[in-house]
Amino acid sequence: LAALCRALRRREAEGDETGWAQAREEAEAARRELREVVRPLREPGYREALRRKTERARKRRLRLQRRKQEAKAAKEEEAARAAEREAKIDQWRAKCIQEVEEKNRERELKAAADSVLSEVRKKQADTKRMVDILRALEKLRKLRKEAAGRKGVCPPPSADEAFENQVESLKTLLKNRTELYEAEERALRVMLEGEQEEERKREMEKKQKKEREKLLQQKLEIDSKLFGDPDEFPLAHLLQPFREYYLQAEHSVAALIQIRHEWDQYLVPADHPEGSCIPPGWVLPSLPTNDTWATAVR
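Residues numbered from 1 in each chain as written. Predicted model: local features only at pLDDT ≥ 70, side-chain atom pairs only at ≥ 80, totals over all residues. Heavy atoms only, no water.

The protein chain is annotated in an unreviewed UniProt entry as Programmed cell death protein 7 from Eudyptes sclateri.

What follows is the structure, given as structure tokens:
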């Protein structure tokens, strides 16, 4: 508009009526356009409406930023949970693989021990068969010697002595082998019994571990009912002082002694008419009897 006014004055100074009229029309058009632009600013509530609009835009930007941050946090949390699940799955898979490998090793060791034991038993059977054959040979020679004696044929004493020496040598050899095979069998049986004992011990440890985990889970459930879930409550939660008070005996020997001293003052026999014995564990609260109570408990 200022430029059009300068052009208008210049046309007037030059005496150019045609140019001056054209410049005047352009200036009037620019002034009307400017008035239309400025007119809303002069209205009473325009500035407040503009402020509200700006505030809504600012809140919308903040809301979008907050949603973006929440989405990012949710994505990171989901990624952390996924990583935790993957770690647990890997741990479970490694445990299963380890158990399978242990069972395979035990099976292979047992199969090898059974194979060696069967081999030892086979050797023992062969040794026993050889002993039976040697006895049969002694009996056969005795019968043949008696038959030859009835016919008047007697072998020389050197033949009897050589036969006896050979038989005794074979008996000694078979006896040594029998003792060796028996020692091997005993050693294998001790090894198999040791493996079975180890297997029974591992089964017992697994059973005890499951029992401990079950008792620990029951304790966590009872503590959760009494003091709330510690994973859901921060350290500054209103139940934290009560939790610290009731669980102080788990962290302080002096507190444990003091609590036991206070409890021991009320020890009475089970059949006492004015009291009852101390319960062995926590006294859990009874379930709500109406909706109002249940609402207060929740």
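From this point, things continue past the structure.
1. Focus on the overall build of the protein chain
Helix and strand content of the protein chain: seven helices and zero strands. In summary, the protein chain has a C-alpha radius of gyration of 53 Å against a globular reference of 19 Å for 298 residues, an excess of more than 25%. C-alpha extents for the protein chain along the principal axes are approximately 180 × 85 × 40 Å. Sorting the 298 residues of the protein chain into buried and exposed places 8% on the buried side. Across the protein chain, contacts joining residues at least 24 apart in sequence account for 56% of those joining residues at least 6 apart. Summing over all exposed atoms, the protein chain offers an accessible surface of approximately 25,800 Å²; the carbon and sulfur share of this is 56%. (Helix = DSSP H or I, 4+ residues; strand = E, 2+ residues; numbered from the N terminus. Rg over C-alpha atoms; globule rule 2.2 N^0.38 Å. Buried < 20%, exposed > 50% of the residue type's maximum accessible area, 1.4 Å probe, protein only. Contact = heavy atoms within 4.5 Å. Areas by Shrake-Rupley, 256 points an atom, 1.4 Å probe, with all protein chains shown as cover.)

2. A short note on the side chain of Thr-127
Within the secondary structure layout, Thr-127 lies in helix α3 (residues 46-150). Ignoring any residue separated from it by four or fewer positions in sequence, one finds Thr-127 in contact with Leu-174, Arg-177, Thr-178 and Tyr-181.

3. Some words on the nonpolar core
Within the largest apolar cluster, six residues are counted, these being Ala-113, Leu-117, Val-120, Tyr-181, Leu-188 and Leu-192. Elements that contribute at least two residues to this core include exactly α3 and α4 (157-227). With residues near it in sequence (within four places) discarded, Leu-188 still touches Ala-113, Val-116, Leu-117 and Val-120. (Core = buried A, V, L, I, M, F, W, Y, C linked by side-chain atoms within 4.5 Å.)

4. Here's the deal with the packing of helix α1 (residues 2-14) against helix α2 (residues 17-38)
It is at 9 Å that the axes of α1 and α2 come closest, and there the two elements cross at 160°. With respect to their mutual orientation, α1 and α2 come out roughly antiparallel. As α1 packs across α2, the resulting crossing turns out to be left-handed. Only Gly-19, Trp-20, Ala-23, Arg-24, Glu-26, Ala-27 and Ala-30 of α2 make contact with α1, whose side of the interface consists of Leu-4, Leu-8, Arg-11 and Glu-12. Grouping the constituent residues of the contact of α1 with α2 by class yields six nonpolar, one polar and four charged. (Axes fitted to C-alpha atoms, helices over the stretch in contact; angles between N-to-C directions. Parallel < 35°, antiparallel > 145°, perpendicular 65-115°, else oblique. Left-handed = near helix turned anticlockwise from the far one by under 90°. Nonpolar A, V, L, I, M, F, W, Y, C, P; charged D, E, K, R; others polar.)

5. Quick word on the packing of aromatic side chains
In this structure the tally under the stated criterion is one aromatic pair. Aromatic side chains Tyr-245 and Tyr-246 sit 5.1 Å apart centroid to centroid with 80° between the ring planes, which places their arrangement in the edge-to-face category. Taking relative accessible area as the criterion, Tyr-245 reaches 52% and is therefore assigned exposed. (Phe/Tyr/Trp six-rings, centres within 6.5 Å; stacked < 30°, edge-to-face > 60°.)

6. Considering a positive patch on the surface
Residues Lys-95, Lys-103, Arg-107, Lys-206, Lys-209, Lys-210 and Arg-212 make up a contiguous surface patch of positive charge. Every element with two or more residues in the positive patch is listed here: α3 and α4. Of all the elements, α4 adds the most residues to the positive patch, at four residues. Tracing the backbone through its elements, the reader meets Lys-206 in helix α4. (Patch = residues over 30% accessible without salt bridge, like charges linked within 9 Å, V, L, I, M, F, W, Y side chains within 5 Å. Salt bridge = Lys/Arg side-chain N within 4 Å of Asp/Glu carboxyl O. Lys, Arg positive; Asp, Glu negative; His and termini not counted. Charge placed at Lys NZ, Arg CZ, Asp CG, Glu CD.)

7. Some thoughts on the UniProt feature "coiled-coil region" (unreviewed entry) in the protein chain
In the UniProt entry, the feature "coiled-coil region" (unreviewed entry) is given for residues 193-221. Structurally, residues 193-221 is divided into 100% helix and 0% strand, and its ends, taken at the C-alpha atoms, are 42 Å apart. (UniProt positions renumbered as here; feature names shortened; annotations may be inferred.)

8. Some words on the confidence of the model for the protein chain
Mean pLDDT for the protein chain: 81, with 93% of residues reaching 70 or above. Element-level mean pLDDT values for the protein chain span from 79 in helix α5 (residues 240-246) up to 86 in helix α6 (residues 253-264). (pLDDT = per-residue confidence, 0-100.)

9. Section: α2
Across its 22 residues, α2 extends 31 Å between first and last C-alpha, which sits within 8% of the 32 Å expected from 1.5 Å per residue. For α2, every residue scored as buried is listed here: Gly-19, Ala-23 and Ala-27. Buried residues in α2, looked at end-on, bunch into an arc of 65°, giving them a common side. Those residues of α2 that are exposed and angled more than 90 degrees off the buried face are Glu-17, Thr-18, Glu-25, Glu-33 and Arg-35. Packing partners of the buried residues in α2 comprise α1. (Expected span 1.5 Å × (residues − 1). Arc of directions from axis to C-beta.)

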